[in-house]
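In case you want the letters, here they are:
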Amino acid sequence: MACSLKKSFCSKSFIKKIEKLNTKAEKEIIITWSRCSTIIPTMIGHTIAIHNGKEHLPIYITDRTVRHKLGEFAPTINFRGHAKNDNKSHH
């Protein structure tokens, strides 16, 4: 089933930033807190710094990332493995 870009959400202020850079044909990092915004084709070729709760992680947007959410590329939790419990006794 095809995904409709009309139904996807993208912050209006964020779209304005992208369009402003596209008209100037400049490449600079765009900082955003909008993790729920959907990646649209006009974002291709830009580097977007997505907030993960602690810092902004720079992500380069390609054609393969279109229709995904920005938050998918900036994980909020760093998994360090399962806790080792030495107190268990095996009988």
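About the criteria used
- Residues numbered from 1 in each chain as written.
- Predicted model: local features only at pLDDT ≥ 70, side-chain atom pairs only at ≥ 80, totals over all residues.
- Heavy atoms only, no water.
- Helix = DSSP H or I, 4+ residues; strand = E, 2+ residues; numbered from the N terminus.
- Buried < 20%, exposed > 50% of the residue type's maximum accessible area, 1.4 Å probe, protein only.
- Contact = heavy atoms within 4.5 Å.
- Areas by Shrake-Rupley, 256 points an atom, 1.4 Å probe, with all protein chains shown as cover.
- Pairing = 2+ DSSP bridges.
- Axes fitted to C-alpha atoms, helices over the stretch in contact; angles between N-to-C directions.
- Core = buried A, V, L, I, M, F, W, Y, C linked by side-chain atoms within 4.5 Å.
- Expected span 1.5 Å × (residues − 1).
- Arc of directions from axis to C-beta.

*Asks:* Could you give an account of the overall build of the chain, naming the residues involved and the relevant values?
*Replies:* If you tally the helices and strands in the chain, you get one helix and three strands. Going from the N terminus to the C terminus, the chain shows its helices and strands as α-β-β-β. Burial status across the chain gives 30% buried among its 91 residues. Across the chain, every contact between residues at least 6 apart in sequence was considered, and the portion connecting residues at least 24 apart equals 45%. Of the roughly 7,200 Å² of accessible surface on the chain, 55% is carried by carbon and sulfur atoms.

*Asks:* Can you break down the sheet that holds strand S1 (residues 30-32) residue by residue, with the values?
*Replies:* Ordered in space as S1-S2-S3, the three strands form an open sheet in which the pairing is mixed. Pairing within the sheet leaves two strands with one partner each, and these edge strands are S1 and strand S3 (56-60). When strand polarity is set aside, the average angle formed by the axes of neighbouring strands in this sheet is 25°. Sheet topology note: the S1/strand S2 (residues 47-51) ladder contains three bridges and is parallel. In the sheet register, Ile30 faces S2, and the bridge partner there is Ile48. This element, helix H1 (residues 12-24), spans S1 and S2 of the sheet and lies at about 175° to S1.

*Asks:* Go over the nonpolar core, please, and point to the residues and values.
*Replies:* Counting 14 residues, the largest nonpolar core has Phe14, Ile18, Met43, Ile48, Ile50, Ile61 and Leu70 as the members making the most contacts within it. Contributing elements (two or more residues each) for this core: H1 and S2. The element that contributes the greatest number of residues to this core is H1, accounting for three residues. When near neighbours in sequence (up to four residues on either side) are disregarded, Ile50 contacts Thr32, Arg35, Glu55, His56, Leu57, Ile59, Leu70 and Ala74.

*Asks:* Kindly report on the environment of Ile30, identifying the contributing residues and their values.
*Replies:* Within the secondary structure, Ile30 is located in strand S1. Accessibility expressed as a relative area gives 5% for Ile30, which makes it buried. As a C-alpha pair, Ile30 and Ile18 span twelve residues in sequence and 8.1 Å in three-dimensional space. Apart from residues no more than four positions distant in its own chain, Ile30 is found in contact with Phe14, Lys17, Ile18, Leu21, Thr47, Ile48 and Ala49.

*Asks:* Give me H1: which residues, what numbers.
*Replies:* Look at H1: 19 Å from first C-alpha to last across 13 residues, which is about the 18 Å you get at 1.5 Å a residue. If you check which residues of H1 are buried, you get Phe14, Ile18 and Leu21. Buried residues of H1, viewed axially, fall in a sector of 65°; they line one side. Every exposed residue of H1 that faces more than 90 degrees away from the buried side is listed here: Lys12, Lys16, Lys20 and Thr23. In the core, the buried residues of H1 are packed alongside S1 and S2. At the C-terminal side of H1, Ala25 shows a positive phi close to 55°.

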